[in-house]
Amino acid sequence: MKKLLASTIIAAGIYAIAGSASAAECGEVSIAEMNWASAGVAAQVDKFILENGYGCTATLVTGDTMPTFTSMNEKGQPDMAPEMWVNAVRTPLDAAIKEGRLIEAAKILNEGGVEGWWIPKFLADAHPDIKTVQDALKHPELFPAPEDPSKAAVINCPSGWNCQVSTANLYKALKAEDAGFTLVDTGSAAGLDGSISNAFSAQKGWLGYYWAPTAILGKYEMTRLSFGVEHNKADWDACTAVPDCADPKVNSYPTSDVFTVVTKAFSEKAGVAMDYVKARNWDNGTVNKVLAWMDENQGTNEDAAKYFLETFPDMWTKWVAPDVAEKVKAAL
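Remember, predicted model here, so these are calculated numbers, not experimental data.

1. Remarks on the pairing of strand 7 (residues 181-185)
With five bridges connecting them, strand 6 (residues 152-156) and strand 7 associate as parallel partners. Each residue of the ladder has a partner; that of isoleucine 155, found in strand 7, is valine 184. Assessed by its sense of winding, the connection that carries the chain from strand 6 through helix 7 (residues 162-173) to strand 7 is right-handed.

2. Looking at the pattern of salt bridges
Taken as a whole and judged by the stated rule, the model has eleven salt bridges. Here arginine 280 makes a salt bridge to aspartate 46, at a shortest N to O gap of 2.7 Å. Note that arginine 280 is positioned in the loop between helix 12 (273-279) and helix 13 (284-296) and aspartate 46 in helix 2 (residues 37-54), a separation of 234 residues in sequence. Using a relative accessible area of 3% as the deciding quantity, one classes arginine 280 as buried. A salt bridge links lysine 249 to aspartate 247; the shortest N-O distance between them is 3.1 Å. Within this structure, Arg90, Asp94 and Glu104 form a network of salt bridges that share partners.

3. Here's the deal with empty space enclosed by the protein
A volume near 40 Å³ is recorded for the largest cavity. Ala42, Val45, Asp46, Ile108, Arg280, Trp282 and Trp319 together form the lining of the largest cavity. Its residues placed into classes, the lining of the largest cavity shows five nonpolar, no polar and two charged.

4. Here we look at the packing of helix 2 against helix 13
As a packed pair, helix 2 and helix 13 sit with axes 10 Å apart at the nearest point and diverge in direction by 95 degrees. In terms of orientation, helix 2 and helix 13 fall into the roughly perpendicular class. Residues Ala37, Ser38 and Val41 of helix 2 pack against Val287, Val290, Leu291 and Met294 of helix 13. Class assignment for the residues of the contact of helix 2 with helix 13 results in six nonpolar, one polar and no charged.

Parameters and conventions
Residues numbered from 1 in each chain as written. Predicted model: local features only at pLDDT ≥ 70, side-chain atom pairs only at ≥ 80, totals over all residues. Heavy atoms only, no water. Pairing = 2+ DSSP bridges. Helix = DSSP H or I, 4+ residues; strand = E, 2+ residues; numbered from the N terminus. Right-handed = clockwise from strand over helix to strand, strands pointing away. Salt bridge = Lys/Arg side-chain N within 4 Å of Asp/Glu carboxyl O. Buried < 20%, exposed > 50% of the residue type's maximum accessible area, 1.4 Å probe, protein only. 1 Å grid on protein atoms, 1.4 Å probe; cavity = no way out; pocket = protein on both sides within 12 Å on 5 of 7 lines; lining within 4 Å. Points joined across faces, edges and corners; volume = space filled by probe spheres on them. Nonpolar A, V, L, I, M, F, W, Y, C, P; charged D, E, K, R; others polar. Axes fitted to C-alpha atoms, helices over the stretch in contact; angles between N-to-C directions. Parallel < 35°, antiparallel > 145°, perpendicular 65-115°, else oblique. Contact = heavy atoms within 4.5 Å.

What follows is the structure, given as structure tokens:
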């Protein structure tokens, strides 16, 4: 998703049924098209459905977490942010909700944004005893370092990413060096992705940090390993996420809450279109597949949104009334 998670939509949950709406009911709506892939696609899906299904006049505006939240909170614009990673703005968002400026609508990533250490699914299937990171560290022979196969490797994030710090501290806490593992800095996002691609091409083991939803996890089946402990926020904030922490403990990555946030003013004018905004959500596996298609076809956010609508009608038609669904299908 983004470097902040380096800083992460449709099976579970109860789907509200949205009715049809006239243009007069919905009117104009401004939608934040955030600058990472999953959020950009979500914005384009919303634009297409709101325009073609509900008669809204939708405008996309460029967004990012903090600037978009601040603008919505202080100026009431844009009307909606389809994919807001709310952990980063939880305190001011709670205040804005309490004071009647903003509303949390759908939990658009119904599993949340997830981070962790992963291995290829083909390796997990071949070695069913590997359930945790600690299990994996017992098998250095399965995870050869890219540059020196005589050593084992834990693949880290590039320098400057928040996850580089947490991964390094967990590597230290797990005493992975004593288990024969070296910590490999991949240098860039392309280097991190390339290390996974190369492992699958060679059908060799890979152990390291990644997150979802992402295109790579849509292209390559990976299994996220448990750290064997619950997430401890106090330890995470005080040490796991702090560079060069002296005595890190084993910890689990937090799950990021990812909601659609709308202004109170939009919720009051949108009519039944607001029912759709409250209803729609998708799972990370589906988003991974859409992003993988987008990457492989060098598609735009708009291309990927149409691919989703054409490929997963069983999903999105549950978010809207039948007459709305027919309008959207007719516009594809």
